[in-house]
Protein chains: 2
Amino acid sequence: MRLYSYFRSSAAYRVRIALGLKGLSYDYLAVHLLKDGGQQLQPDFRRLSPDALVPVLEDDGHVLTQSLAIIEYLEETRPEPALLPATPAERARVRALALNIACDIHPLNNLRVLKYLKNPLGIDQQGRDEWYRHWVEGGLVALERMLAGSPATGLCCHGDQPTLADLCLVPQVYNARRLKANLDGMPTVVRIADHCAALPAFQAAHPDAQPDAE
Amino acid sequence: MRLYSYFRSSAAYRVRIALGLKGLSYDYLAVHLLKDGGQQLQPDFRRLSPDALVPVLEDDGHVLTQSLAIIEYLEETRPEPALLPATPAERARVRALALNIACDIHPLNNLRVLKYLKNPLGIDQQGRDEWYRHWVEGGLVALERMLAGSPATGLCCHGDQPTLADLCLVPQVYNARRLKANLDGMPTVVRIADHCAALPAFQAAHPDAQPDAE
């Protein structure tokens, strides 16, 4: 397997955790989102990923894009340990938590969006920081309500073993801390993220542990 | 089953199509995103949906949020007709196409984001229209490359029967046309969206056909 990754990409981070939890080894190919005007925009990479986004996973001749689709694929082809619970309703809860982050928090704050706010929109650093915090804090507060309000929440987002939801939560909280979002008032989010982040597969997937870390 | 929906919500539109394709009947509960300061923000609705987003599906005592999680749940509990293909790699392709829309196009352009651009950021109508078109046109052009470049593409995004990808594509193209995005240069996207939109389940799910249509 080959993973095209950028150390700080939240989406690549999710897939790295999944690969680690399932005990899968892979070649790491760094795609630097800032160097060379963005290596993800170069023709060779866009042949793999027409939307110019990391991660991309190559497995068994298949070229797979979109982190959640890649993780579902890994779950179907290497079911152990499971990253989704057993019943449809439980699986729906875990997927909803994951999508809440992947659709409604993360896309508003990734690099290309912050760049567009700067140019052409001319939003200054303070305005961009407020934008970032608005979406990430609002999104994580909603997530806190979902987690704190459910008896299904355990050491992890769903029970005591990591699921797809935790694979999305840990990179999002890492990102939020890096950009100095205020995580007061979301103790469940912080507790779960810290618990999971200490597990070996999460540590190995951490941005600082990647070959292209700066 | 009860569906909390807003006629113009792309995410609710996706779920309405899924329910229709699977032949499931449901009660329609309208949540008006603009009236009363946003009915989705009212306490009763936020108890169901802490992130204040439609759609919400109630089924068999379960309260389900996030359109793609709801559709995966319907697929697991009512497998026929299938909205995902048979093999893991094919399923990954369909999910990636769907997530491309659900994560990387739609969230940048929904109502709450356009409202934030207006206030507090002070972006005028022209700037907001350019923002909208930038993300939707760029995203759909990438999708065009994925679709036109693959032998797996048929009358629909994957083969000749609608899948999860088409459930996301049709609402996104409807939305793009409504906001006058330029769809030149994406003939495959337009061809597939028009083919699917003419199918009965897609027609029944159309915003104009909903009880709360204006």
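Residues numbered from 1 in each chain as written. Chains lettered and ligands numbered in written order. Predicted model: local features only at pLDDT ≥ 70, side-chain atom pairs only at ≥ 80, totals over all residues. Heavy atoms only, no water.

In the nomenclature of an unreviewed UniProt entry, chain A corresponds to Maleylacetoacetate isomerase from the organism Pigmentiphaga kullae. Its UniProt record, at the heading Sequence similarities (unreviewed entry), says of chain A: "Belongs to the GST superfamily. Zeta family." (UniProt positions renumbered as here; feature names shortened; annotations may be inferred.)

All right, on to the pairing of strand 4 (residues 62-65) of chain A then. When strand 3 (residues 56-59) of chain A meets strand 4 of chain A, the two strands line up antiparallel, connected through four bridges. Paired with Val56(A) across the strands is Thr65(A), a residue of strand 4 of chain A. (Pairing = 2+ DSSP bridges. Helix = DSSP H or I, 4+ residues; strand = E, 2+ residues; numbered from the N terminus.)

This part covers the sheet that holds strand 2 (residues 27-30) of chain B. Residue and element names in this part refer to chain B. If you walk across this open sheet you meet the four strands as 2-1-3-4, and the pairing is mixed. A strand with exactly one partner marks an edge of an open sheet, and here the two such strands are strand 2 and strand 4 (62-65). Adjacent strand axes in the sheet meet at a mean angle of 20° when their direction is disregarded. Sitting on the sheet, helix 1 (residues 10-21) touches strand 1 (2-5), strand 2 and strand 3 (56-59), and the angle it makes with strand 1 is about 150°. (Axes fitted to C-alpha atoms, helices over the stretch in contact; angles between N-to-C directions. Contact = heavy atoms within 4.5 Å.)

The subject of this paragraph is the interface of chain B and chain A. Of the residues lining the interface, 40 residues belong to chain B; the matching set on chain A comes to 40 residues. Across the interface of chain B and chain A, roughly 3800 Å² is buried in total on both sides, 68% from carbon and sulfur atoms. One can count eight salt bridges joining chain B with chain A. Inspection of the chain B/chain A interface yields twelve residue pairs in polar contact (both at pLDDT 80 or more). Elements that contribute at least two residues to the side of chain B that touches chain A include exactly strand 4, helix 3 (67-77), helix 4 (88-104), helix 5 (111-118) and helix 6 (125-148) of chain B. (Buried area = accessible area lost by both parts, 1.4 Å probe. Salt bridge = Lys/Arg side-chain N within 4 Å of Asp/Glu carboxyl O. Polar contact = N/O pair within 3.5 Å; in protein donor to acceptor, adjacent residues only side chain to side chain.)

All names here are of chain B. Spanning 15 residues, helix 7 (residues 164-178) covers 22 Å between terminal C-alpha atoms, matching the ideal 21 Å at 1.5 Å per step. Counting buried positions over the 15 residues of helix 7 gives 13, a clear majority of the element. Directly after helix 7, the chain includes Lys180, whose backbone phi takes a positive value near 60°. (Expected span 1.5 Å × (residues − 1). Buried < 20%, exposed > 50% of the residue type's maximum accessible area, 1.4 Å probe, protein only.)

With that settled, the discussion passes to the domain arrangement of chain A. Residues and elements named next belong to chain A. By the assigned domains, chain A splits into domain 1 (2-81 + 204-209) and domain 2 (88-201). Contacts between the two partners involve 17 residues from domain 1 and, on the opposite side, 17 residues from domain 2. Regarding the contact of domain 1 and domain 2, the summed buried area is about 1700 Å², with carbon and sulfur atoms giving 66% of it. Where domain 1 meets domain 2, there are one salt bridge. Across the salt bridge formed by Arg95 and Glu72, the nearest N and O atoms sit 2.7 Å from each other. At the level of elements, helix 1 (10-21), helix 3 (67-77) and helix 9 (200-205) are the ones that each hand at least two residues to the side of domain 1 that touches domain 2. When residues in the side of domain 1 that touches domain 2 are grouped by element, the largest group, seven residues, is from helix 1. (Domains from an automatic or database assignment.)

Time to look at the UniProt feature "domain: GST N-terminal" (unreviewed entry) in chain A. UniProt records the feature "domain: GST N-terminal" (unreviewed entry) at residues 1-82 of chain A, using the numbering of this structure. Within residues 1-82 of chain A, the helical portion is 35% and the strand portion 20%, while the C-alpha atoms at the span's ends are 20 Å from each other.

Looking now at the relation of the copies chain B and chain A. With an RMSD of 0.0 Å, the fit of chain B onto chain A corresponds to turning through 180° and sliding 0.0 Å along the axis. With respect to symmetry, the two chain copies, as superposed, fit the operation of a two-fold axis. Taking the C-alpha atom as reference, chain B places Cys103(B) closest to the rotation axis, 2.2 Å from it. Taken together, the interface assignments show that 100% of the residues at the interface of chain B recur at the interface of chain A, consistent with an identical surface on both copies. (Least-squares fit on C-alpha atoms with pLDDT ≥ 70 in both.)

Here we take up the nonpolar core. Across soluble globular proteins, nonpolar side chains show a tendency to be buried alongside one another. Residues Leu140(A), Leu143(A), Leu169(A), Leu140(B), Leu143(B) and Leu169(B) are the most contacted members of the largest nonpolar core, which totals 112 residues. Ignoring anything within four residues of it in the chain, the contact list for Leu140(A) reads Ile105(A), Leu169(A), Gln172(A), Ala176(A), Leu183(A), Met186(A) and Val189(A). Within the second largest apolar cluster, 18 residues are counted, among which are Trp131(A), Val113(B), Trp131(B) and Trp135(B). (Core = buried A, V, L, I, M, F, W, Y, C linked by side-chain atoms within 4.5 Å.)

So, on to the packing of helix 7 (residues 164-178) of chain A against helix 8 (residues 187-197) of chain A. Residue and element names in this part refer to chain A. Two elements in contact, helix 7 and helix 8, have axes whose closest approach is 9 Å; the angle formed by their N-to-C orientations is 105°. Our classification of the angle between helix 7 and helix 8 gives roughly perpendicular. Across from Asp166, Leu169, Val170, Val173 and Arg177 in helix 7, the residues of helix 8 making contact are Val189, Val190, Ile192, Ala193, Asp194, Cys196 and Ala197. Of the residues belonging to the contact of helix 7 with helix 8, the class tally is nine nonpolar, no polar and three charged. (Parallel < 35°, antiparallel > 145°, perpendicular 65-115°, else oblique. Nonpolar A, V, L, I, M, F, W, Y, C, P; charged D, E, K, R; others polar.)

Looking now at the sheet that holds strand 4 of chain A. All names here are of chain A. Ordered by their spatial adjacency, four strands build an open sheet running 2-1-3-4, and the pairing between neighbours is mixed. One side of each edge strand has no neighbouring strand; the edge strands of this open sheet are strand 2 (27-30) and strand 4. Taken pair by pair, the neighbouring strands of this sheet meet at an average axis angle of 20°, ignoring direction. One ladder, built from four bridges, connects strand 1 (residues 2-5) with strand 2; its direction is parallel. Bridge pairing links Tyr4 to Leu29 in strand 2.

Residue and element names in this part refer to chain A. Summed over all chains, the structure comprises 13 aromatic pairs over all chains. Arranged with centres 5.9 Å apart and planes meeting at 55°, the rings of Tyr4 and Phe45 form a pair that is tilted. Here the residue Tyr4 occupies a position in strand 1, and Phe45 occupies one in helix 2 (residues 43-48), the gap between them amounting to 41 residues. A single burial state applies to Tyr4 and to Phe45, both of which are buried. Centre to centre, the rings of Tyr13 and Tyr174 are 5.8 Å apart; their planes meet at 85°, and the pair counts as edge-to-face. Taken together, the positions of Tyr13 in helix 1 and Tyr174 in helix 7 put the pair 161 residues apart, joining distant regions of the chain. This pair shows no difference in class: Tyr13 is buried, exactly as Tyr174 is. (Phe/Tyr/Trp six-rings, centres within 6.5 Å; stacked < 30°, edge-to-face > 60°.)

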